[in-house]
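Residues per chain, in single letters:
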Amino acid sequence: MRCVVYILPAAKLTLLVTVMSLAMGFVLGMLLAVARVYGGPVLRFAAASYSRVVRSLPTLVMVFALYYVVLMTDFLGGSRLASAVLALGACSTAYQSEIFRGAIQSLGSGQMLAARSLGMSRPVALRNVILPQAVRLAIPAWSNEAAIVLKDSSLVSAVGTVELFRRAEHVAAATHDWLTAFLAVGLIYFCLTFLTNRGLDWVERRYRLKV
Amino acid sequence: MAEPILRIEDIHKAYGKTKVLRGVSFDVAPGEVVVIIGPSGTGKSTLLRCVNLLTVPDRGRVWLEGVELTDKAVDINKAREKIGMVFQEFNLFTHLTAVQNVMLALTKVKGMKTAEARARAERELEKVGLADKADLYPAELSGGQKQRVAIARALAMNPKVMLFDEPTSALDPELIGEVLEVMQALASQGMTMLVVSHELGFAREVADRIIFLEDGVIAEEGPPEQLFVNPRNPRTREFLYKLTELYGEHGEPKSRGRER
Ligand SMILES: Nc1ncnc2c1ncn2[C@@H]1O[C@H](COP(=O)(O)OP(=O)(O)OP(=O)(O)O)[C@@H](O)[C@H]1O
Ligand SMILES: [Mg+2]
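Residues numbered from 1 in each chain as written. Chains lettered and ligands numbered in written order. Predicted model: local features only at pLDDT ≥ 70, side-chain atom pairs only at ≥ 80, totals over all residues. Heavy atoms only, no water.

Q: It is not clear to me how the site of ligand 1 should be interpreted in this structure. Could you clarify?
A: Residue and element names in this part refer to chain B. The environment of ligand 1 is made up of Y15, V20, P39, S40, G41, T42, G43, K44, S45, T46, R49 and E166. In this structure, an oxygen atom belonging to ligand 1 sits 2.8 Å away from a main-chain N or O atom of G41. Taken by itself ligand 1 offers 640 Å² of open surface, and the protein chains cover 59% of this. (Near = heavy atom within 4 Å. Polar contact = N/O pair within 3.5 Å; in protein donor to acceptor, adjacent residues only side chain to side chain. Areas by Shrake-Rupley, 256 points an atom, 1.4 Å probe, with all protein chains shown as cover.)

In structure tokens:
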């Protein structure tokens, strides 16, 4: 139990990395998804290629790659945290773009046609008709993605960000009790994931599209 | 004939190698009801979508009230406000209630305040007999009710012309009547209507003119009496015969008590 108390403060950083990565993935993933469905051939190809390439790379490779890019270019002051968010966010962008693309396509073309027939421009139709429905449809898959990013945030410990996992290593090294430290951090991850999923389940029930 | 409100001129449209429309031209007078019939895949939906440019024709021109919509300089969003469209699959916005469906374009396109839009939307729902369903979601409505909401949604924009693409084809037979009644009332109020439908009863009673579209061209057109009784084109006769066999019951629902 003492272990949990030592490790827990690092949850702040884990949550920060997770939330920022998910937010980045949400905004960029949504843009990519819209480009995939409504863009011209060039835009469609670019968006599809990004998603294909990034989804083929291990997240750990992205974490190291972005870390060295940020270090070398001194982007955002060469911050580890920034590189961590960029790496996880870049990966999540690819996965979220697939989630939102699927949701948009499952709406069918009729919604856009109806909106345009009423005189809405394409951006107005996207904002008021397509995306509100797509986001609702995407909640279950998005909830899954949120849990994955939360757990993958442990990978950024590899470049020295002291989030939960790295913190557990520190505690273990100090106490020489590795098993307890990793059981403790596992318990913390479980609780965080559980709460995230329960929260999103609630959101889904609240906003579910009646079809 | 009065100055046409809608003029369709030499519309061509191909998808890849498939030539769907091969030169369709006709005028529609104000208040006229034109029913378009024709075999499946012959380009009826494509033709309707070319009228409000949801599909851009490869060639040809569309005029509404003397303004050429196919002109690149025309703001097509503005023009579409004047052309209401009703779809076979209703296409109601599923995340919005009936009244919100009607309100959305009023606020986002016409820039109305919410209260004003709501009042207007409620009036339109009342006209199609759905005042009491205003706060239900599409999933909570029957097919006939959904289609009436869709009609109200289009009418709220104050269109000059209404396009209907097989508005009753997705409906159970017992729900067709309520939608046709709304359309008939609309026609009698002088709305200009372009209707793709195989409801022969409706066509006979409400249409001023019937267009028989086949293989992307107008094979025959004329007043219903002429097409039904004495078609010039043998293909028209054949098609109408098949249609009566297939859809006879729908075309002339017993509940509406029409003589054969
Ligand atoms: N977006 C599209 N891309 C490719 N082909 C299309 C597209 N829309 C329609 N077509 C083709 O054009 C032809 C005419 O289609 P359209 O929907 O206009 O016919 P229709 O007369 O409305 O038929 P139905 O009675 O089945 O509704 C069909 O062969 C269809 O496959
Ligand atoms: Mg059709």
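Q: Would you take a moment to explain the sheet that holds strand β2 (residues 18-28) of chain B for this structure?
A: Backbone hydrogen bonds are what pair the strands of a sheet, in a parallel or an antiparallel way. All names here are of chain B. Read from one edge of the open sheet, 4 strands run β2-β1-β4-β5, paired in antiparallel fashion. Strand pairing shows two members of the sheet lacking a second neighbour, β2 and β5 (67-68), which therefore form its edges. Strand direction decides the pairing type here: strand β1 (residues 6-15) and β2, joined by 8 bridges, are antiparallel. Paired with Y15 across the strands is T18, a residue of β2. Of the strands in this sheet, β1, β2 and β4 (59-64) touch helix α1 (residues 44-51), which is tilted by about 125° from β1. (Pairing = 2+ DSSP bridges. Helix = DSSP H or I, 4+ residues; strand = E, 2+ residues; numbered from the N terminus. Contact = heavy atoms within 4.5 Å. Axes fitted to C-alpha atoms, helices over the stretch in contact; angles between N-to-C directions.)

Q: What's the story with the sheet that holds strand β7 (residues 161-165) of chain B in this structure? I'm lost.
A: All names here are of chain B. Overall, mixed pairing links the 6 strands, which are arranged β6-β7-β8-β3-β9-β10 in an open sheet. For this open sheet the edge positions go to β6 (83-86) and β10 (217-222), each flanked by a neighbour on one side alone. Across the sheet, the axes of successive neighbouring strands diverge by a mean angle of 20°, strand direction being ignored. Taken together, the 5 bridges between strand β9 (residues 209-214) and β10 define a ladder with antiparallel strand orientation. Residue pairing for β10: F212 is matched across the bridge by E220. Of the strands in this sheet, β3 (33-37), β6, β7, β8 (192-196) and β9 touch α1, which is tilted by about 155° from β7.

Q: Just checking my understanding: could you explain the packing of helix α3 (residues 98-108) of chain B against helix α5 (residues 143-155) of chain B for this structure?
A: Two quantities define a packed helix pair, namely the angle between the axes and the distance from one axis to the other. All names here are of chain B. In the contact formed by α3 and α5, the axes pass within 8 Å of each other and the chain directions differ by 25°. The angle between the axes of α3 and α5 places the two elements in the roughly parallel class. α5 is crossed by α3, and the crossing has right-handed handedness. Contact residues: A98, N101 and V102 in α3; V149, A152 and R153 in α5. Split by residue class, the contact of α3 with α5 holds 4 nonpolar, 1 polar and 1 charged. (Parallel < 35°, antiparallel > 145°, perpendicular 65-115°, else oblique. Left-handed = near helix turned anticlockwise from the far one by under 90°. Nonpolar A, V, L, I, M, F, W, Y, C, P; charged D, E, K, R; others polar.)

Q: What exactly am I supposed to notice about the interface of chain A and chain B here?
A: A common measure of how large an interface is: the accessible area buried when the components associate. Each partner contributes to the interface: chain A provides 20 residues, whereas chain B provides 24 residues. For the chain A and chain B pair, buried surface summed over both sides reaches about 1,900 Å², with 63% attributable to carbon and sulfur atoms. Among the residues of chain A in contact with chain B, A:S117, A:L118 and A:K210 are the three that bury the most area, contributing 33% of the side total. One can count 0 salt bridges joining chain A with chain B. Across the contact surface, chain A and chain B share 5 residue pairs in polar contact (both at pLDDT 80 or more). Secondary-structure elements contributing two or more residues to the side of chain A that touches chain B are α6 (110-117) and α7 (122-152) of chain A. The element best represented in the side of chain A that touches chain B is α6(A), accounting for 7 residues. A class-by-class count of the residues in the side of chain A that touches chain B yields 10 nonpolar, 7 polar and 3 charged. (Buried area = accessible area lost by both parts, 1.4 Å probe. Salt bridge = Lys/Arg side-chain N within 4 Å of Asp/Glu carboxyl O.)

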